[in-house]
Amino acid sequence: MRPETIEAVCFDFDGTLADTEPLGIELDLEAYRSLGLDVPLEEAHTVCGTDGKASVEAILANHGRPDLTAEDFEARRRPSSQIYRSMDITVFPGAFECVRSLRAAGVKCAVVSTTAACDLAYGLSRIGAMDCFDAMVGGDMVEHRKPAPDPYLLALSFLGVDASRALAVDDSPVGIASAKAAGLHVVAFTGSQIRQDTSAADETLAAWPLDLGL
């Protein structure tokens, strides 16, 4: 059950507010090709929602290169910062209109991401959405990233709201686990091109807006 009183909503960014995950996959495939590997798109998608290291090394081994490490892969991959600084970011229709409507109704909003804070801020500025949030938490702002509860707990502390009066909206299993560990009621956004396991969420949302009945 949703909390009877909702004072805050914490939103993931990648795959929840903006459809950036295909851009990350594009960088991944480019790196695989530079290593001489032809990795199918569906297999590349298995990295989404993970910390990357184990999934990447499994892909490398599956394509006959167990000698390569995730570090070797990262050395060939263009940095993810390019997604937020120069690539075309597609915003999910209605996402930021929803955030602005919630804030207009008195609900505090935060963006909580694994992406580094400087890149997240750059991306939000490029799409004109920096004014949508009362707080922002990037992955480099906490000691332990998702799936640890730290990112969502930090956001709640910035907002001054208890978890029992807040929601989280996330699209990945690690993000859902992070929010659940922080004590939030979790809505899984399932409208991304890359579908992930959202079975641990309390409810799902296929398309914006998020209806809180306000």
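Everything here concerns the structure above.
Residues numbered from 1 in each chain as written. Predicted model: local features only at pLDDT ≥ 70, side-chain atom pairs only at ≥ 80, totals over all residues. Heavy atoms only, no water.

1. Description of the overall build of the chain
Across its full length, the chain carries nine helices and six strands. Whereas a compact globule of 214 residues would reach a radius of gyration of roughly 17 Å, the chain reaches 17 Å, a difference of no more than 12%. Summarising its shape, the C-alpha atoms of the chain cover approximately 55 × 30 × 30 Å along the three principal directions. For the chain, the accessible area works out to roughly 9600 Å², and carbon and sulfur atoms hold 50% of it. For the chain, the centre of its 17 positive side-chain charges and the centre of its 33 negative side-chain charges are spaced 3 Å apart. (Helix = DSSP H or I, 4+ residues; strand = E, 2+ residues; numbered from the N terminus. Rg over C-alpha atoms; globule rule 2.2 N^0.38 Å. Areas by Shrake-Rupley, 256 points an atom, 1.4 Å probe, with all protein chains shown as cover. Lys, Arg positive; Asp, Glu negative; His and termini not counted. Charge placed at Lys NZ, Arg CZ, Asp CG, Glu CD.)

2. Describing the pairing of strand β5 (residues 185-189)
Here β5 lies mainly inside the structure; five of its five residues are buried. Here β5 shows two buried faces, one formed by H185, V187 and F189 and the other by V186 and A188. Between the parallel pair strand β4 (residues 166-170) and β5, the chain is carried across by helix α9 (residues 173-181), and the sense of this crossover is right-handed. Pairing analysis gives three bridges linking β5 to strand β6 (residues 203-205), with the strands arranged parallel. Among the inter-strand pairings, V187 is bridged to a residue of β6, identified as E203. (Buried < 20%, exposed > 50% of the residue type's maximum accessible area, 1.4 Å probe, protein only. Right-handed = clockwise from strand over helix to strand, strands pointing away. Pairing = 2+ DSSP bridges.)

3. So, the side chain of T190
Inspection of the secondary structure puts T190 in the loop between β5 and β6. Non-local contacts of T190, meaning those with residues more than four positions away in its chain, are made with R195, T198, T204, L205 and A206. (Contact = heavy atoms within 4.5 Å.)

4. What about the state of the cysteines?
Under the criterion given, the structure shown has zero disulfides. Sulfur of C132: no disulfide; nearest cysteine sulfur belongs to C109 and is 8.3 Å away. A relative accessible area of 0% places C132 in the buried class. (Disulfide = S-S within 2.5 Å.)

5. Re the packing of aromatic side chains
Each aromatic ring pair is described using two quantities: the centre-to-centre distance and the angle formed by the ring planes. Scanning the model with the defined rule gives seven aromatic pairs in all. The interplanar angle of 35° and the centroid separation of 4.8 Å between the aromatic rings of Y32 and F73 together place this pair among those described as tilted. Here Y32 is found in helix α1 (residues 21-34), whereas its partner F73 is found in helix α4 (residues 70-76), with 41 residues between them in sequence. Like Y32, the residue F73 is buried in the burial classification. One aromatic cluster is present, formed by F11, F92, F96, F133, F189 and W208 through successive ring pairs. (Phe/Tyr/Trp six-rings, centres within 6.5 Å; stacked < 30°, edge-to-face > 60°.)

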